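# Descriptive analysis of the structure
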Amino acid sequence: MVLFCIIGEMGSGKTLTAAQLAFKNWYFRKQKLYSNFHLYKMPYYFVDRVRQFDYMHEGYVLLDEIWRLIDSRLSRTTSNKFVGDILARSRKRQLVYVYTAQVIDTIDKRIRKVQDFTSLVSTNRKETAYRVNVFRTGYIKNGTYLKTFYFTSEIPKQLYSTQEEVDMIDDSKDEGGCPEPKLMWQLAAGKCLNCGTLITANPNRCDPEYGGCGSRNIEPIQPIFFDTWEEADLYGQKYWEKWFEENNFISSKSLS
Ligand SMILES: [Zn+2]
């Protein structure tokens, strides 16, 4: 099991870092993905209900703002059980949890005590390059520094919406079966019919702030659902093989 935490304020690039790690581990290392926020251009199981967490086996789990959601959405009893289950599950199953938090103190103490890595993200002024300092354990102090890695935003900025409000549904008291997490692929939120740009951040406008043309003539793009991971994975692999070719991007395993 691995518990990997990403700390950073709003807009610091912590969700971007989570998306970057997910891309690397899916595309290059063939890991299954689970996420509590919607992803674009990567296959993933969408988990936003307490009981859906029990479906996760082997893979990479992205949890944006999870501790804030647990605090605000779950009762104390449910939240205690939920955290206990996360720990029990991650030990038994081969799951890597990657979660973000604005402040390290908001992370449940039981998690923090066994947390494997804590990382801090920072960016340059143009927000094109990111630096991630990684520390061992749940504590940033002398002697826990492990390494630093860098990445550019070109790929990860395409992979999610910066405007999504993540939420969590407490279905812990519901009777009967829980719906399985959906296995999804979504190219983007929409496509600009004027210039062809794929829209991620603002689904209503081809935002000039992100290099768009300003048009509001946007065609929404719906997600596609798959029955098996193999099908979804193959679909995604093909998309990116083509993307790397068309964009002349160096697709090396060292992309980190
Ligand atoms: Zn446009």
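Residues numbered from 1 in each chain as written. Predicted model: local features only at pLDDT ≥ 70, side-chain atom pairs only at ≥ 80, totals over all residues.

For the rest of this paragraph, the subject is the domain arrangement of the chain. Accessible area lost upon the coming together of the parts is a frequently used measure of interface size. Partitioning the chain into domains gives domain 1 (2-186 + 223-246) and domain 2 (188-222). Averaged C-alpha coordinates put domain 1 and domain 2 at centres separated by 26 Å. With 8 residues of domain 1 at the contact, the number on the domain 2 side is 7 residues. A breakdown of the residues in the side of domain 1 that touches domain 2 according to their chemical character gives 3 nonpolar, 5 polar and no charged. (Domains from an automatic or database assignment. Contact = placed C-beta atoms within 7 Å. Nonpolar A, V, L, I, M, F, W, Y, C, P; charged D, E, K, R; others polar.)

With that out of the way, let us pick up helix α2 (residues 66-73). If you check which residues of α2 are buried, you get I66, W67 and I70. Projected onto a plane normal to the axis of α2, the buried residues spread over an arc of 100 degrees and lie on a single side. Tucked into the core, α2 has its buried residues touching β4 (59-63), α3 (76-92) and β5 (95-101). (Buried ≥ 20, exposed ≤ 12 C-beta atoms within 10 Å, placed from the backbone. Helix = DSSP H or I, 4+ residues; strand = E, 2+ residues; numbered from the N terminus. Arc of directions from axis to C-beta.)

This part is about the nonpolar core. In terms of nonpolar packing, the biggest core is built from 48 residues, with A22, V61, L62 and V98 touching the most fellow members. Ranked by residue count, the leading element in this core is helix α1 (residues 14-28), at 8 residues. Ignoring sequence-local partners within four residues, the contact set of L62 consists of A18, A22, L33, Y34, S35, N36 and V98. In terms of nonpolar packing, the next biggest core, distinct from the first, is built from 5 residues, A189, C192, I199 and C206 among them. (Core = buried A, V, L, I, M, F, W, Y, C linked by C-beta atoms within 7 Å.)

Before going further, it helps to examine the sheet that holds strand β7 (residues 129-136). With mixed pairing, 10 strands are arranged side by side in an open sheet as β8-β7-β6-β1-β5-β4-β2-β3-β9-β13. Since the sheet does not close on itself, it has two edges, and those belong to β8 (145-152) and β13 (224-225), each with one partner. When strand β1 (residues 2-7) meets strand β6 (residues 117-123), the two strands line up parallel, connected through 4 bridges. Within the sheet, the bridge partner assigned to C5 lies in β6 and is T118. (Pairing = 2+ DSSP bridges.)

Since the α-helix turns once every 3.6 residues, residues separated by three or four places project in the same direction. Along its 18 residues, helix α5 (residues 229-246) runs 26 Å from first to last C-alpha, staying within 8% of the 26 Å computed at 1.5 Å per residue. Where α5 is buried, its residues contact β9 (182-185). (Expected span 1.5 Å × (residues − 1).)

Let us look at the environment of T128. In this structure, T128 sits in the loop between β6 and β7. Beyond its immediate stretch of four places on either side in the chain, T128 contacts T152 and S153.

In this section: unusual backbone geometry. Negative phi values dominate among residues other than glycine, just as trans dominates among peptide bonds. Even without being glycine, K41 reaches a positive phi, approximately 65 degrees. Here K41 lies in the loop between β2 (33-35) and β3 (44-46). Judged by C-beta crowding, with 21 C-beta atoms within 10 Å, K41 ranks as buried.

This part covers the sheet that holds strand β10 (residues 190-192). The 3 strands lie next to each other as β11-β10-β12, forming an open sheet whose pairing is antiparallel. In this open sheet, the two strands that pair with only one neighbour each are β11 (198-199) and β12 (218-220). One ladder, built from 3 bridges, connects β10 with β12; its direction is antiparallel. The residue of β12 that forms the bridge with K191 is E219.

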